[in-house]
Structure formats: C-alpha cells, structure tokens
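Spelled out from the first residue to the last, the chains are:
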Amino acid sequence: MRLCDAREVRNRTASGGLVSVRSFLVVALFLSFFVTSSSQPSQAIPAFARKYGLPCSACHIGWPILNVFGQQFRDNGYQLGNDRDSPIYQNPAYWPITFRVTPNWHVETQNKVLVDQTGAEQTVTTTGFDLSGLDIWTAGTLYKNISFSVLPSMAEGDTFHFENAWVRFDNLFKTPWMNLKFGKFELDILLSEKRFLTLSNVGGLWYNYQFLPPGDINGFGGIGDNQLGVELSGHSKNSYARYSIALLSSVDGNPGLTSGGQAGTARTYDVFANVNEGFQVKGLGVQRVGLFGYFGQSPTFFLTQTVGGVTTPLEAQGNKSFSRVGAYGWWFIKNLDIETLYMHGQDNAFLGNGIAANDPAGLPPGAAGPTWNGGFVEAHYTVNPQFILTGRYELVHMSRQANAALQATPNLGNVDSFTVGYRWYPIMFSRAGLAFHNEYAQAKTGNTSLLTGSDQTSRSVMIGFDFDY
Amino acid sequence: MVGNLKFSSKGTPRLLFAASGVLFTFLVLFFAPLFAREKAAPSFTIDVDKPYAQVVTTVEDVARGGIIRGTFEYAGDEQLDGAKFTETSRLFPTWTAGGKVFFKYRDKTLAPKHFVESNDVGTVVVRYVVQEIGPTSTRLTIDALFVENGGHHGHPSDGYVETCEFAEIGKRLKEFDQQETLRASGHEFSPGQESSSRGDEATAEVSGMAKAGDLQRTIADQQAQLAAETASLQQLEAQSRKARTAEFVRISVERAELKTLPYAHARSVEALKQGQEVTVLAKTTYWYRVRAEDGQEGWISHASVESHP
C-alpha cells in the first residue's frame, strides 16, 4: 500500500516539494488510521474458555488485556500445563473458533484540510453507523506442545487476508525456554497493540508502533504489524522472565515475498528481539519492564522487466537499513495499571528522502537519516472486571528531519495524541463476550496542512458494541 | 470513506463533539448503577450448642479434608480438590481474639467461583475460628479468601464457600451426635466379639443361631435408628418451641428477599412485605433462618427485620 518505487517518490518530492510530502503524510495517516482501525484483530478467544470451562477472567484483566496467568497460558502454547489439557476433559461441543465484529457509530473530523471546491482549508467531518472488520479466529493445540493460530480477517468489501497463521513447537527439550514459532505472527512485545482497549480511527493504534516520517519510503509498516518469519522464544515458568528473537522476511507481513509493496521481489531479512522481566513489589504485585529492537532493511528501487509495455518488478534492490529500539514498563497499583513506552526510530537517508540507493546524487542538500523519539503513557483503571476506564497520552517527535529543507519545519510529522474511553462488559461468559465501547480520541500532526503548513488535528468519537462468540 | 465526506460549517464539528461529550457523560451515568460490584459477604459466624472440644475436633477434621467446598475452577466441577491444612496463613491478619484457628488453602487456583471479582491465578484460603462461649456452646467463624499471585489482590467470598464448609461441619457434628446416641443406648454392634463368643457351638446349631443373631441385630439396628430419630425429633421440637416462644420478628423494610442460602446472591424464594411476621429458626451474625407465615423457610438478612414489640 505504501509507496514502493523510490524514483516515483523522488520525482514527486522534487517537483512538489514540501507540499507533496504533506500530502503524502495526510493521505498515509488517513489511510493507515482507517485500515488499522477497521481491521482491528481480535485477541480474545471465548473458545479457550469453552474448551477449559474457565471464566474469561482467568486470563484477562479486561478482555482483551491479558493478566499474569493469561500471559503464562499464551506463552505455554495455549496450554494450562495440567491434566485439563487432555482431550478427555474437553466438552464434545467445543468449537475452537471465535468470531469478532464491532458495529459502531462514530464521528471523524480533521481540521485544516484543503478542499477543491473552495481552494481553502476547512474542517471536514464524517459521521454515521459503521462496522469494523470481521475476524474469524481459531487457535489451540494440534497436539501436546504443538500449538497453532489462524486468523483470517476482512474489512467491509475486502477479500480475506491472514492476520496471523502460525504453528508453534512448545517446550522443546522439555524446557519453557525453548519454543519455536513459524509463520505470520504478532511480534513478541508485552505491550500489545493487538490486545489494547481503544478502537476508534484516531485512537485505535499506537502511533509509535506505526510511525513513518513524512516522505519516507520505508516499506516497514511498524512494530504493530504482524510479520512473517520464525521466532525462538522462552520464558520462566511463571512468565515473569521472557525473551524472543525472530528472523523475519522484509515484507511487512505480506505473503508472496512482497517487499516494498511489490510481490515476488523480497530477498532480505529483518531481526526483532525482545526481553522483559517481571518482579514482585510487596503489596502491588507483578511489575514488568522490557527492551525491544527491530533492525531491518527496506528496498529503495527494483530491478524490473518490461514486456509489451508492462513493467514488472523482479527483485528488491538498494536495500537500506532502519531500526526501532525502545524500552517499556507495565506498572500495577491495585486496580490501576499503567503502560509506559519509550521508542527511538531511525531510517536510512535514502529511505527518509525517498531516493534510490543507486542514485546518491539525487539526495537533497543536507540529507540525513531521519530520527525520532516517542512514547506513551496509557492507564487502565479496572473498576471491576466488567468495567474498565482507559486513557492514553502519546507523542512522537522528530529529532532530525531527512534533509535541510525539512529542517525548516522541525515539527513536521510530530504527533501528539490522547485518548479516553471506557468499556463495559455486560456479558463475559465462556460462550460469548460483549463490550459496550465508548471512546474519544484526538491527534495533532505537526505542520501537515497543505496550504498553510499548520498543525492539523483529527478527532474521533466512537460508540459501539464489540462482541465475540 | 472519503466519498462520504461532508463539507460543514465551522460550528458543526464543535456541535457534534459537544453532543458526543454529552452523550459520553450520559452513558457513563446511565450505566453507572450497573457497574455495581459483586458484594462480599461478612464473616460466617454461628453459635452451635456443642462442646468446644467436639467442635474443634470436627472443624480440624474438615480443615484437613483436602477439599474446599462451595467453589471450583472448571465448569462442571463442584469443589476444589488438593487443598492443604495449615495452622498459620499470611493471607489473613493474625487472629488475636482467642480460640483455635485452622486454615485450609489451595494454591495455583484459577479464577475460582464465588469469590468477588475473581480472576487470574492465586491461592484460596479458608479460615476457621473456634471459640468457647459456654460449657455446651461454641462459636464458629468461617472466612474464605482468594488472593491473586500476580496482583496480590484479595477477593473475599460471596458467602457461599463458608456456607458450604459449615454445612459439612454441621453434617459431621450431627453424625457425631448419632453415634453418641447409639453408644448411649447400648446398641453398638461389634461383629468380632460376637463371633468369638460363639466359637465353640455345634456346627448344626450355628446356622440357626446365626439367623437368630441376624434377626437380633436387625431389631437392634432398627431400635437404635428409632432412638436416634426420636432424639433428633425431640431436639428439633425443643428448638422449634424455643424459637416459637422466643423469636418472632417483623419485616422492617418495604421488600425483603427470602433466600435459599445466607448470602446476598443466593436465589430468592419469595419476597416478604413490610410488617409481615416471621419465625426465627436459627441465627448467624448477619442472617436469620426464618419461616414465613405461609410455611416457606429461608434466610433473610438481619438488616431487613426488627424485633417483635
């Protein structure tokens, strides 16, 4: 979906200058919000509750956030590790599939949008009743210590895609420290965008996980995207101490060796690693801290073949590096839990400027790899397991723009956002879950308006019913 | 989605968001009453007309039994197995009010039922406190608690665990009484002694005498059973007389739910109206076992009644 032809981007940047960059950002943000929120993958499985005859609260603080045991269960390959894993205990009517969809009503606005009819910037507002994408998730064990997950997902009008599909060999050599996962999976980071509580267009993502600077042609969608590869992971018995290291295709999770958006061109690999530790604080419970890093490559141009006037990309070329590193903490104070994250991002100068690596002369004056820092604080207050309040403040600020021209607008690309909301779960049984969801989110992006270069603010209000069964 | 864009005046978004804010607040307020927490039950306390030593023995026996009743992890189960006995527990504050204290605990328990807002994995603990309040009167207090390993949150029982634990203790106390009654009536049967006293009799007579012995045993058993039932009936009648003469109370609230068990979430048998008189059959600290005018029996909160003038 993102721009994949470096020359195209370079040409547009050269001719359109900052305006094109802003245009790109506006469109990219708009689309990424829409795509992200409309296909929010499910990560709560009533099917597990059905399988074991356990309440949802055995694994969730509030669906879909995992509690200590839920994390342990997940790390153990969806196994309890006792005789209840045996098929003789399972309900014959057990059906290991969960459906999730969220009918909702929402309002979206964005200010300072340049419109054709007036030739001026104005606020644009849309509102109406809507549907999220549909998730159909099945997961469990194929055999003792062989677990799996398959999650086909689709938005309205889309074809199905696999949000995840993997098989995992658990407890290799009879130790929880050795597990091997193969396929398309969520990156193993404890603060999971797949299991958070916000769903609106503006608040339904962590900007840090998805961020790309304006004009950047990096094909990497972000830490929040599921990726294709193989992962070695391990954990202590109580899952307080955990590690994972994954070798991933540089395809941003897209099957068909799709690098930089071009199918059949991938030839490089990325690495993601995470380590986290939990420790008990007297009277408060488990606190968790962790470190993570993603080190990857993304193409800047493609070898192509033109037959009959049709040009086909053959192989990704000019791969340039990028990295995302960060630290996080998850703090528990009675019924309040607070997630904190810091992340530093860096893309190569060719990626940041949208220039093919075989054309270094095309780099603009003062070209440099863009860097940025960001973080968020997100709090959940569990009034009781059926009612959770949530709030988040998040920012991403550029520390270095990609070239001298962009340095003139140091705030370009910065994101400042906050989200507040609550979820009420009138139904949380092993058969089904229903949450009444109400959320307000706002995000300001720096200097992105096309006409005046002003900051733009997007807002979402969402009221909906998030249910799975 | 882009195709649905509407062009609006500057005021419209503000109005929409203001309306959304009002709606947001309204919904929070609307649902607030529904967010009420499950209620924790107070300690289960009951005075039993049994000697202290007998109650201590029985309670310790139940505490060592390896089963916690009234709660379970997996749907379809009825109790927690694998519980262990201990005389100390850091999950309850130190008991300083005297008496004998026992604990029964079960660790690695998953979101057990009948604990308020139960979730995650943790330890279930039942505490029994036995206190002597007279030569034949003993106070028993039972509390059950679930504490998460991760968050250290304590989840008190909704009362069902304590009720079921007491039911087992009560049952054993009754069995003890029956055995004592049998012993007192001299109808204890010891097959070993009987067979040895008849060891030298002629083989031909053995069969007939054995039949006679069987008959005697049957009669003795039936007499013992009759004696036990009669004693039990007399005890019940005495209790009933005591209750009738001493305890009539009147419903003091507009509507009081008569429950099947002494805890807030128990099923309601019927609703009693203000002013209606009921007979008190038994008392715990917070609940009365009562019989309504229509003969229906059940439990009612002590806060719902007032003494008969």
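Nothing here was measured: the structure is a model prediction, and the numbers come from that model.

Calculation rules
- Residues numbered from 1 in each chain as written.
- Chains lettered and ligands numbered in written order.
- Predicted model: local features only at pLDDT ≥ 70, side-chain atom pairs only at ≥ 80, totals over all residues.
- Helix = DSSP H or I, 4+ residues; strand = E, 2+ residues; numbered from the N terminus.
- Buried ≥ 20, exposed ≤ 12 C-beta atoms within 10 Å, placed from the backbone.
- Contact = placed C-beta atoms within 7 Å.
- Expected span 1.5 Å × (residues − 1).
- pLDDT = per-residue confidence, 0-100.
- Pairing = 2+ DSSP bridges.
- Axes fitted to C-alpha atoms, helices over the stretch in contact; angles between N-to-C directions.
- Parallel < 35°, antiparallel > 145°, perpendicular 65-115°, else oblique.
- Left-handed = near helix turned anticlockwise from the far one by under 90°.

Visitor: Just checking my understanding: could you explain the overall build of chain B for this structure?
Guide: The number of helices and strands found in chain B is five helices and 16 strands. Looking at chain B as a whole, 29% of its 309 residues are labelled buried. Restricting the contact set of chain B to residue pairs at least 6 apart, pairs at least 24 apart contribute 62%.

Visitor: For this particular structure, what's the right way to read the overall build of chain A?
Guide: The helix and strand tally for chain A stands at six helices and 22 strands. Contacts in chain A between residues far apart in sequence, at least 24 positions, make up 63% of those at least 6 positions apart.

Visitor: Looking at this model, I keep getting lost on helix H3 (residues 160–184) of chain B. Mind explaining?
Guide: Owing to its 3.6 residues per turn, the α-helix brings residues three or four apart onto one side. All names here are of chain B. With 25 residues, H3 should cover 36 Å at 1.5 Å per step; its first-to-last C-alpha distance of 36 Å lies within 8% of that length. Along H3, the positions that sit buried rather than exposed are Tyr160, Val161, Glu162, Thr163, Cys164, Glu165, Phe166, Ile169 and Leu173. Looking at the buried positions of H3, the neighbouring elements they touch are strand S2 (44–48), helix H2 (52–63), strand S3 (67–69), strand S7 (121–134) and strand S8 (137–148). At the exit of H3 stands Gly186, carrying a positive phi of roughly 70 degrees.

Visitor: Sorry if this is basic, but what is going on with the confidence of the model for chain B here?
Guide: Close reading of the predicted structure is inappropriate where its pLDDT is low. Residues and elements named next belong to chain B. A residue-level look at chain B finds 71% of positions with pLDDT of 70 or above and a mean pLDDT of 78. Contacts for the low-pLDDT stretch residues 189–199, under 50 throughout, to residues beyond four places or in other chains number four contacts. In the predicted complex, the global pTM is 0.74; the interface-specific ipTM is 0.76.

Visitor: What's the story with the pairing of strand S13 (residues 277–283) of chain B in this structure? I'm lost.
Guide: A regular strand carries its side chains on alternate faces of the sheet. Residue and element names in this part refer to chain B. As paired elements, strand S10 (residues 248–251) and S13 share three bridges and run antiparallel to each other. Pairing of Val249 across the sheet is with Val278, part of S13. Where S13 and strand S14 (residues 287–291) come together, four bridges link them in antiparallel fashion. Counted as the bridge partner of Ala282 is Arg289 from S14. Remark: three residues form the turn of the hairpin made by S13 and S14, two consecutive strands paired antiparallel.

Visitor: Sorry if this is basic, but what is going on with the packing of H2(B) against H3(B) here?
Guide: Residue and element names in this part refer to chain B. Packing of H2 against H3 brings their axes to within 10 Å, and their N-to-C directions diverge by 125 degrees. One element, H2, and the other, H3, form an angle in the oblique class. Like other packed secondary-structure pairs, H2 and H3 cross with a definite hand, here right-handed. Here Gln54, Thr58, Val59, Asp61 and Val62 of H2 come into contact with H3, specifically with Glu165, Glu168, Ile169, Arg172, Leu173 and Phe176.

Visitor: Got a minute to help me understand unusual backbone geometry in this structure?
Guide: Excluding glycine, residues mostly carry a negative phi; peptide bonds, for their part, are mostly trans. Residues and elements named next belong to chain A. Put simply, Trp63 and Pro64 share a cis peptide bond, and its omega is 10 degrees. Among the secondary structure elements, Pro64 is positioned in the loop between strand S1 (60–62) and strand S2 (65–66). Positive phi, close to 65 degrees, is recorded for Asn145, a residue that is not glycine. Looking at where Asn145 falls in the secondary structure, it is placed in the loop between strand S6 (134–143) and strand S7 (146–154). The class for Asn145 is partly exposed, based on 17 C-beta atoms found within 10 Å.

Visitor: Help me out: how do you make sense of the pairing of S7(A) in this one?
Guide: All names here are of chain A. With seven bridges joining them, S6 and S7 adopt antiparallel strand pairing. Counted as the bridge partner of Thr141 is Ser147 from S7. Here S6 folds back onto S7 in antiparallel fashion, the turn holding two residues, of which Asn145 has a positive phi close to 65 degrees. Relative to strand S8 (residues 161–169), S7 runs antiparallel, the two sharing eight bridges. Paired with Ser147 across the bridge in S8 is Arg168. What sits between S7 and S8 in their antiparallel hairpin is a turn of six residues, with Gly157 showing a positive phi close to 85 degrees.

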